[in-house]
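The primary structure of each chain is shown beneath.
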Amino acid sequence: MEHIVIIGNGVAGVTVARHIRKNSDKRITIISGETDYFFSRTALMYVYMGHMKFEHTQPYESWFWKKNRIELKSAWVESVSGANKSIQFTDGQSMSFDKLIIATGSIPNKFGWPGQDLDGVQGMYHKQDLEKLEKNAPNNKVCKRAVIVGGGLIGIEMAEMLHSRHIPVTFLVRESSFWNGVLPAGESALVNEEILANGIDLRLEQNLEEIIDDGNGKCKAIKIQETGEIIECDVVGLTAGVSPNVSFLKNSDIELGRGVMVNRLLETSVKDVYAIGDCAEQREGIGRRRPIEAVWYTGRMMGEALAQTICGNATEYNPGHWFNSAKFMDVEYQTYGWVSGSRKPEFEDQFHWRHPVENICVTVAYHKDTDEFLGINTFGIRMRHEIFDRWLTENRKVDDVMAYLKDANFDPEFYSKHEDAIISHYNQERGKQIKPVKKSWKRIFA
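Keep in mind that what you see is a predicted model, and the values were worked out from it rather than measured.

Q: If you had to explain helix 11 (residues 419-430) to someone new, which residues and values would you point to?
A: In this model, helix 11 (twelve residues) spans 16 Å end to end at C-alpha, consistent with the 16 Å of a helix rising 1.5 Å per residue. Listed as buried for helix 11 are E419, I422, I423, Y426 and N427. What you see down the axis of helix 11 is that its buried residues fit within an arc of 135°, all on one side. In the core, the buried residues of helix 11 are packed alongside strand 23 (348-354), strand 24 (361-367), helix 9 (398-403) and helix 10 (405-408). Following helix 11 by one or two positions, G431 has its phi on the positive side, about 65°.

Q: So what's going on with the pattern of salt bridges? Residues and values would help.
A: Tallied over the full model, the rule gives 29 salt bridges. R396 is the partner of E394 in a salt bridge, and the nearest nitrogen-oxygen pair spans 2.7 Å. Look at R396 and you get partly exposed, because its relative accessible area is 21%. One network of salt bridges, with partners in common, ties together E2, K26, K85, K99 and D272.

Q: Just give me the short version of the sheet that holds strand 6 (residues 94-96), but keep the residues and values in it.
A: Strand order in the open sheet formed by three strands is 4-5-6, and the pairing between neighbours is antiparallel. Both edges of this open sheet fall to strand 4 (77-81) and strand 6, since each of them pairs with a single strand only. Going across the sheet, the axis of each strand differs from the next one's by a mean of 20°, ignoring polarity. Relative to strand 6, strand 5 (residues 86-89) runs antiparallel, the two being bridged by three bridges. Paired with S86 across the two strands is S96, which belongs to strand 6.

Q: Give me the lowdown on the pairing of strand 21 (residues 323-328), citing residues and values where you can.
A: Both strand 21 and strand 22 (residues 331-337) contribute to a ladder of six bridges, which runs antiparallel. The residue of strand 22 that forms the bridge with A326 is Y333. Following strand 21, the chain reverses through two residues before pairing antiparallel with strand 22; M329 in that reversal takes a positive phi of roughly 55°.

Q: Residues and numbers for the environment of E226, please.
A: By secondary structure assignment, the location of E226 is in the loop between strand 14 (219-224) and strand 15 (230-232). Judged by its relative accessible area of 40%, E226 is partly exposed. Between the C-alpha atom of E226 and that of N207, which follows or precedes it by 19 residues, the distance is 6.8 Å. Residues contacting E226, with those up to four places away along its chain left out, are E205, Q206 and N207. Of note is the side chain of E226, whose polar atom sits 2.7 Å from the side chain of N207.

Q: Any details on the sheet that holds strand 11 (residues 169-173)? Residues and values, ideally.
A: One key point about sheets: their strands pair by backbone hydrogen bonds, in either a parallel or an antiparallel sense. Across the sheet, which stays open at both edges, the five strands sit in the order 9-16-10-11-12 with parallel pairing between neighbours. Sheet topology places strand 9 (121-122) and strand 12 (201-204) at the edges, where each strand pairs with a single neighbour. Of the strands in this sheet, strand 9, strand 10 (146-149), strand 11 and strand 16 (235-238) touch helix 5 (residues 153-164), which is tilted by about 170° from strand 11.

Q: Describe the packing of helix 1 (residues 11-23) against helix 7 (residues 296-310), listing the residues and the values that go with them.
A: Put simply, helix 1 and helix 7 touch, their axes get as near as 7 Å, and they point 30° apart. As the angle between them shows, helix 1 and helix 7 are arranged roughly parallel. Considering how the two elements wind past one another, helix 1 and helix 7 form a crossing that is right-handed. Touching V11, A12, T15, V16, H19, I20 and N23 of helix 1 are W296, G299, R300, G303, E304, L306, A307, Q308 and I310, all from helix 7. For the contact of helix 1 with helix 7, the residue count by class is eight nonpolar, six polar and two charged.

Q: So what's going on with helix 6 (residues 185-197)? Which residues, and what values?
A: Between the first and last C-alpha of helix 6 there are 18 Å, a value that for 13 residues agrees with the 18 Å anticipated at 1.5 Å per step. Buried residues of helix 6: E187, S188, L190, V191, N192, E194 and I195, and no others. A positive backbone phi angle near 80° is found at G199, which sits one or two residues after helix 6.

Q: Describe the packing of aromatic side chains, listing the residues and the values that go with them.
A: The final tally for this structure, using the stated rule, is 21 aromatic pairs. Considering the side-chain rings of Y336 and F388, the 5.3 Å spacing of their centres and the 20° angle between planes classify their relative orientation as stacked. Residue Y336 is found in strand 22, and its partner F388 is found in helix 8 (residues 385-393); the two are separated by 52 residues along the sequence. Taking the relative accessible area as the measure of exposure, Y336 reaches 5% and is therefore buried. For F388, a relative accessible area of 0% gives the class buried. Ring geometry for F373 versus F388: centroids 5.9 Å apart, planes at 35°, classification tilted. Of this pair, F373 sits in strand 25 (residues 373-379) while F388 sits in helix 8, and the two are 15 residues apart along the sequence. The residues F373 and F388 share a single accessibility class, namely buried. Through a chain of ring-to-ring contacts, three or more aromatic side chains come together here, namely F171, F178, W179, F328, Y333 and F379. Sitting over the ring of F89, K73 keeps its end group 5.0 Å from the ring centre. Across the ring face of Y48, the terminal group of R165 is positioned such that the distance to the ring centre comes to 3.7 Å.

How each quantity is defined
- In every chain, residue numbers begin from 1 and rise along the written sequence.
- Selection of residues for local features in this predicted model requires a pLDDT of at least 70, selection of side-chain atom pairs for listing and counting requires 80 or more, and totals for whole chains, interfaces and linings are taken over all residues.
- Calculation of side-chain values draws on the structure's entire complement of heavy atoms; hydrogens and water are dropped beforehand.
- Think of it this way: any DSSP run of H or I at least four residues long counts as a helix, any run of E at least two long counts as a strand, and we number them from the N terminus.
- Multiply 1.5 Å by the residue count of a helix minus one, and that product is the helix's expected span.
- Per-residue accessibility, obtained with a 1.4 Å probe over protein chains only, is compared with the maximum for each type, and a residue is labelled buried under 20%, exposed over 50%, and partly exposed between these values.
- Of all possible arcs, the one meant is that of the directions from the helix axis to the C-beta atoms.
- Any pair of residues with heavy atoms lying within 4.5 Å of one another is described as a contacting pair.
- Basic side-chain nitrogens of Lys or Arg form a salt bridge, by our definition, when they fall within 4 Å of a carboxyl oxygen of Asp or Glu.
- Only strands joined by at least two bridges in the DSSP assignment are considered to pair.
- An axis is simply a line fitted to the C-alpha atoms; with a helix, the fit covers only the stretch in contact. Between two such axes, the angle follows the N-to-C directions and lies from 0 to 180 degrees.
- The term polar contact refers here to a pair of N or O atoms within 3.5 Å; inside protein, the definition further demands a hydrogen-donor-capable atom paired with an acceptor-capable atom, and it admits residues adjacent in sequence only when both atoms are side-chain atoms.
- Oblique is the label for every angle not falling under 35 degrees (roughly parallel), over 145 degrees (roughly antiparallel), or within 65 to 115 degrees (roughly perpendicular).
- We call a crossing left-handed when the near helix sits turned anticlockwise from the far one by less than a right angle, and right-handed when that turn is clockwise.
- All residues other than Ala, Val, Leu, Ile, Met, Phe, Trp, Tyr, Cys, Pro, Asp, Glu, Lys and Arg, Gly among them, are scored as polar; the first ten of these are nonpolar and the last four charged.
- Whether two aromatic rings pair depends on their centres lying within 6.5 Å, for rings of Phe, Tyr and Trp, where Trp uses its six-membered ring; planes under 30 degrees apart make the pair stacked, over 60 edge-to-face, and the rest tilted.
- Whether a charge sits over a ring comes down to the Lys NZ or Arg CZ being within 6 Å of the ring centre and within 35 degrees of the ring normal.

Below you can see the structure in the form of structure tokens.
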């Protein structure tokens, strides 16, 4: 029986295992040293915040794996030989495979800061990070202040986590505005305001110079590069992005870039070895997508595509139109298609509307010459993924999208609706006379 070995039990690894099992009787083994069972990584913050227990983050019961004949091995991988089709574990054991799938995810970036390996310094990605934070910052008596370095999604999640336990937080962001490389100026400013409104000490255009040792191997303070200011703290969160978790492959025969190099079939340079999820790097970017995508849903889609290939139905990875969602403190964010931040291409124009009182806004991107709809960001308004996916596929004009915007709204009943105000502002700004079309369930489900 062909033996499929998967290194990593995140969403990518577990998805490919499940879909291989749906389509075959192959022997499947999942290897992980992080946890015994698959869990929802994006839910870790809610465990710390007290909204759920860790076992609630596990989508499947413990009996699921045996019932579906998916073997689980708890171990850390030391090295891989593609030519010999073997894996060496850190405890000295080994395992052979017929086909290998690398799905090892990411690790937090470290940039050689003095003190970055002290106790109390950590990322927020793995279950072990959650355990460290629970030890280092159980309350505001043990942790009198935390400093977070890096202004991305993980950074703001960590700030919210600590804030939920009333621990003072200083947030160092090297950019002039939060995440402005991704978000347009108006949206980035909105997030700045939301962070400050929650009592977070946001420091823009400030970089970490060093983390100061207390003399016993634990952090006691940080020093800011630009000002020389010393900020005392008990925890330092390093959230300046992530990198593919591939260090165990550096002496292998598998070609690496920043991640494991793969083609559209997710094949590596070695026959019968594949890579998916955060650790995979496309040899050629797909459209405007980056070669490495550390996003939950792309890992799932890679797993689904690769399972078809493993089971004899060669299927290229085709992620379709870009979309994502996140939460900035109390503000929900969705994006569909492409809406550029500070590095906007020449062909892209944007329309921005913001509610006069609430933290609600919309930014619509369109081609300045053809008026083709390129994408939309929403803050505080929920939209239907299927609608925007359809409109992007159909290359709709931006005027058409605005006219039918009510079809896309997915806010719950009794929520305030803002499409009339949005379209009125759009007409005023662009000299149009578009009238909003009444919502139609027939169109929505067509």
